Structures are given as structure tokens and as C-alpha cells.
Amino acid sequence: MPRLSPTARVDLHTHSTHSDGTQTPGDLVREAAATGLDVLGLTDHDAVSGWEEADRAGREHGVVVVPGVEISCSWQGRSVHLLAYLPDPGDEALSAELARTRESRTGRLRRMVRRLESAGYPVTWEEVLAQAGDVRSLGRPHIADVLVRQGSFPDRDAAFADVLHSRSSFHVAHYAPSPTAAIELVRAAGGAPVLAHPFAAARGHTLPETLLEELAAAGLAGIEVEHRDHTPQDRDRAARLARQLDLLPTGSSDYHGSGKPNRLGEHTTSVEVLRALLEQTAGQLLGASP
Ligand code: AMP
Ligand code: FE
Ligand code: FE
Ligand code: ZN
């Protein structure tokens, strides 16, 4: 078990250019060091390809890197995000499931672009790919960035409020496992599953307490309590459920670089909770030695 200082600052949920963040894993880790974070969780959507670069940058800049992934799940038509910490990246069942989701993300985004093109938006698939760069996990934010560049919308948020909204006629869903199946895959791969922003109403993520009970029984390790998309009431509710269901309460920024207003380190996780989380995993931390 790593010896982390009890005052270490820990942000366990961030995104890089491997999904819809705007900084490379290396730049993200460098910014974490400059912001005074000691421990950074890299949790790209459905992709673990950023771990290697984050590991190198963590060693260079003295940041402990918690390798993670934010798994897109679907429950009764609702989007559920499951954070997985330190799963074995070589686990075949988990890798296959993530690859299946990433492939489906590509096909679905292509169909969304076609719908937008048909309606007269000056966006093409080639432009979306060029905008996304070497991203491994394509998402709606990559269409948003093209629409913003072309002046159709002022920022990602405005594009999401309109044509990219999940209830918009341009929206196409992608394949995603159920949260129960994803929890089982993460546990089988030696990782610790934590439910991301369970009550983020504005983004359609509000989940019933009965589902949280089911997920706890399926092997969930924790839930995100401190998150920008939670109101103070949501945080109280999440904290109470964490106590009742014996789940670890985390806090994090969900930083996406310039893609969202979230600031790195705006919410953090206690070292005590991090230690308890790490005790449930079989994997190795990356970056600097704690
Ligand atoms: P997708 O995964 O392709 O369905 O797109 C959802 C992703 O878009 C989420 O991971 C969010 O990070 C991002 N997102 C959702 N709403 C917004 C918003 N209003 N502004 C910027 N990014 C957003
Ligand atoms: Fe995102
Ligand atoms: Fe999320
Ligand atoms: Zn996230």
C-alpha cells in the first residue's frame, strides 16, 4: 500500500484528448502538478490508451497517476457513467467491451453528422475526424467543436443545449453495457467501480435510489459525492446513501480542459477514501511513487 501524505490533494476524474478533454495526458499531468495536485485520476471515456503518456508525465512532474476509465453505461434508456480505477488493461473481457463501445461511438457519431448535414449544418465527417485528432473515443463534443469553429454555436454548452441534446432529433444513441454488467467486468478485471455523478440532473444522469442499492449489491465500491453537477441537496443525498450502502464517497473535478467550465482540483477526494479504494484493487499506480 502506497504511503500517501494525509494532506495530499487528490482529483480522481479527468479527461484528456484520448476522449473529449482538450489536453494531452502529458499536458494534463503537468497542469495537475502546477495546480498543486499530488494524485490525478485519468478517466477518459471508454479508453485506457492515455495511461502510458500519463505515467511518463507523472514520473517527470511528481504526480501519482491513478489509471482509470469512465465506462459509458445505459440503464432504461438513461446514460450512466461508471468510473473504474486500476482495472487490468490486459483483461480481455473488459477490453472487448470498451472496444465495442468505442466502435459504436464512431458509427453513431457518423450518423449524427449525416443528420446535421442533411439539415444544412456545414459540418462534414472529415472535419469532425480532423478536429478530434488522435482521439480514441469519439463523442458529441467533437461535433460541438466543429460547429463552434464554424460559428453555428458560441461554445460546446450551447451546441449541447440544442442539436446535440439527447432529446434532439439529430441524436443517435451508441451501444453501452448495463451498469451491473460493467461493475462485474471491472471487478473481474481487479478494478474498483465508482458511480460518477449519480444525481447530475442537468445532464440527464439522475438515478433512482433503488438502482444505487442494486449496484451496491452488484459490487459497486463508491459513488461520486462532490461534483460540480450536484446541488448541495444532491451531495447530501449522495453522502447519506454512501453511508447507508457502505460505499466510498469520492469528489472530483471531471475536468475536460477548455471543453467545460470545470476547473482541475475544484473537488477532491480524501486520502483516507483513496487508500480504501486502492485496497480493493489489484492494479499498480502509475506516475510518481507515492
Ligand atoms: P457522448 O459521450 O458522445 O454521448 O457525449 C457526452 C459527453 O459530452 C459527456 O462526457 C460530457 O463530458 C460532454 N458534455 C455533455 N454535456 C456537455 C456540455 N453542456 N458542454 C460540454 N460538454 C458536455
Ligand atoms: Fe466527457
Ligand atoms: Fe461523466
Ligand atoms: Zn467524466
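Below is a short write-up of the structure.

What counts, and at which threshold
Residues numbered from 1 in each chain as written. Chains lettered and ligands numbered in written order. Predicted model: local features only at pLDDT ≥ 70, side-chain atom pairs only at ≥ 80, totals over all residues. Heavy atoms only, no water. Helix = DSSP H or I, 4+ residues; strand = E, 2+ residues; numbered from the N terminus. Buried < 20%, exposed > 50% of the residue type's maximum accessible area, 1.4 Å probe, protein only. Polar contact = N/O pair within 3.5 Å; in protein donor to acceptor, adjacent residues only side chain to side chain. Contact = heavy atoms within 4.5 Å. Near = heavy atom within 4 Å. Areas by Shrake-Rupley, 256 points an atom, 1.4 Å probe, with all protein chains shown as cover. Nonpolar A, V, L, I, M, F, W, Y, C, P; charged D, E, K, R; others polar. Donors = N, O, S within 2.8 Å, 3.2 Å for Na, K, Ca; no water. Tetrahedral: all angles 85-135°; square planar, octahedral: opposite > 155°, others 65-115°. Phe/Tyr/Trp six-rings, centres within 6.5 Å; stacked < 30°, edge-to-face > 60°. Lys NZ or Arg CZ within 6 Å of the ring centre and 35° of its normal. Expected span 1.5 Å × (residues − 1). Pairing = 2+ DSSP bridges. Right-handed = clockwise from strand over helix to strand, strands pointing away. Core = buried A, V, L, I, M, F, W, Y, C linked by side-chain atoms within 4.5 Å.

### Examining the side chain of T269
Then comes step 1: Of note, T269 is situated in the loop between β7 (248–251) and α10 (271–279).
Then comes step 2: Overall, T269 belongs to the buried group, its relative accessible area being 3%.
Then comes step 3: Within polar-contact distance, the side chain of T269 engages the backbone oxygen of G251 at 2.7 Å.
Then comes step 4: Look past the residues within four positions of T269 in its chain and what remains in contact with it is V10, L12, T250, G251 and L274.

### A word on the site of ligand 1
Then comes step 1: As a structural note, the neighbourhood of ligand 1 is formed by 14 residues, with H45, R108, R140, D157 and H256 the closest of them.
Then comes step 2: In the model, an oxygen atom of ligand 1 is placed 2.7 Å from a nitrogen or oxygen of the H45 side chain.
Then comes step 3: Backbone polar atom of R140 to an oxygen atom of ligand 1: 2.8 Å apart, as the coordinates give it.
Then comes step 4: Protein burial of ligand 1: of its 490 Å² of free accessible surface, 90% is covered by the chains.
Then comes step 5: Within the residue set of the shell around ligand 1, elements represented by two or more residues are α3 (92–118), α5 (140–149) and α6 (156–161).
Then comes step 6: It is α6 that provides the largest number of residues to the shell around ligand 1, a total of 3 residues.
Then comes step 7: Here the residues of the shell around ligand 1 sort into 2 nonpolar, 4 polar and 8 charged.

### A look at the side chain of D145
Then comes step 1: Here D145 lies in helix α5.
Then comes step 2: For D145, the side chain forms a polar contact with the side chain of R156, separated by 2.8 Å.
Then comes step 3: The contact partners of D145, leaving out residues within four places of it in the chain, are Q131 and R156.

### A short note on the coordination of the zinc ion (ligand 4)
Then comes step 1: The zinc ion (ligand 4) binds to the protein through H13 (NE2), H15 (NE2), E70 (OE) and D254 (OD), with metal-donor distances spanning 2.1 to 2.2 Å.
Then comes step 2: Each of the 4 donor atoms around the zinc ion (ligand 4) contributes to a set of angles spanning 78 to 169°, which defines the coordination as irregular.
Then comes step 3: Spacing between the donor residues of the zinc ion (ligand 4) along the chain follows H-x1-H-x54-E-x183-D.
Then comes step 4: Here the zinc ion (ligand 4) and the iron ion (ligand 2) are spaced 4.7 Å apart. Taken together, the residues span a long stretch of sequence, with H15 in the loop between β1 (10–14) and α1 (25–35) and D254 in the loop between β7 and α10 at a distance of 239 residues.
Then comes step 5: Relative accessible area serves as the criterion here: at 0%, H15 is assigned to the buried category.

### Examining the packing of aromatic side chains
Then comes step 1: Going through the model one piece at a time under the given rule, you end up with 2 aromatic pairs.
Then comes step 2: Measuring from ring centre to ring centre gives 5.9 Å for Y121 and F170, while their planes differ by 90°; the resulting arrangement is edge-to-face. Placement of Y121 in the loop between α3 and α4 (125–132) and of F170 in the loop between α6 and α7 (179–188) is noted, with a sequence separation of 49 residues between them.
Then comes step 3: Through pairs of rings, three or more aromatic residues link up here, namely Y121, F153 and F170.
Then comes step 4: The side chain of R100 reaches across the aromatic face of Y175, ending 3.7 Å from its centre.

### Things to note about α3
Then comes step 1: In a regular helix each residue adds 1.5 Å, so 27 residues correspond to 39 Å; α3 covers 39 Å between its end C-alpha atoms and thus fits that length.
Then comes step 2: Taken together, the buried positions of α3 are L94, E97, L98, T101, R105, R108, L109, M112, V113 and L116.
Then comes step 3: If you check the start of α3, you find a side-chain oxygen 3.3 Å away from the backbone N of A93, and it comes from D91.
Then comes step 4: Following α3 by one or two positions, G120 adopts a phi angle in the positive range, close to 95°.

### Quick look at the environment of E60
Then comes step 1: For E60, the position within the fold is in helix α2 (residues 51–61).
Then comes step 2: Separated by 34 residues in sequence, E60 and G26 place their C-alpha atoms 9.7 Å apart.

### Side note on the coordination of the iron ion (ligand 2)
Then comes step 1: In this structure, D20 (OD), D20 (OD), H45 (NE2) and H256 (NE2) serve as the protein donors to the iron ion (ligand 2), at separations of 2.1 to 2.8 Å.
Then comes step 2: Taken together, the 6 donor atoms surrounding the iron ion (ligand 2) define angles of 51 to 148° at the centre, an arrangement classified as irregular.
Then comes step 3: Sequence spacing of the donor residues for the iron ion (ligand 2), all on one chain, is D-x24-H-x210-H.

### Digging into the pairing of β1
Then comes step 1: The element β1 is largely enclosed, with a buried count of 5 among its 5 residues.
Then comes step 2: Both β1 and strand β2 (residues 39–45) contribute to a ladder of 3 bridges, which runs parallel. Considered in β2, the bridge of D11 is made with L40.
Then comes step 3: Once the chain exits β1 it traverses α1 before rejoining the sheet at β2, and the crossover so formed is right-handed.

### Let's talk about the nonpolar core
Then comes step 1: By size, the foremost hydrophobic cluster in this structure holds 27 residues, and its most contacted members are I71, L82, L195, L212, L220 and I223.
Then comes step 2: Counting only elements with at least two residues in this core, the list comes to β3 (64–75), β4 (78–85), α3, α7, α8 (209–218), β6 (222–226) and α9 (232–245).
Then comes step 3: Discounting residues that sit within four places of it in the chain, L195 has contacts with V80, H81, L82, L207, L212, L215, L220, G222, I223 and E224.

On their own, these measurements won't tell you what the molecule is for.
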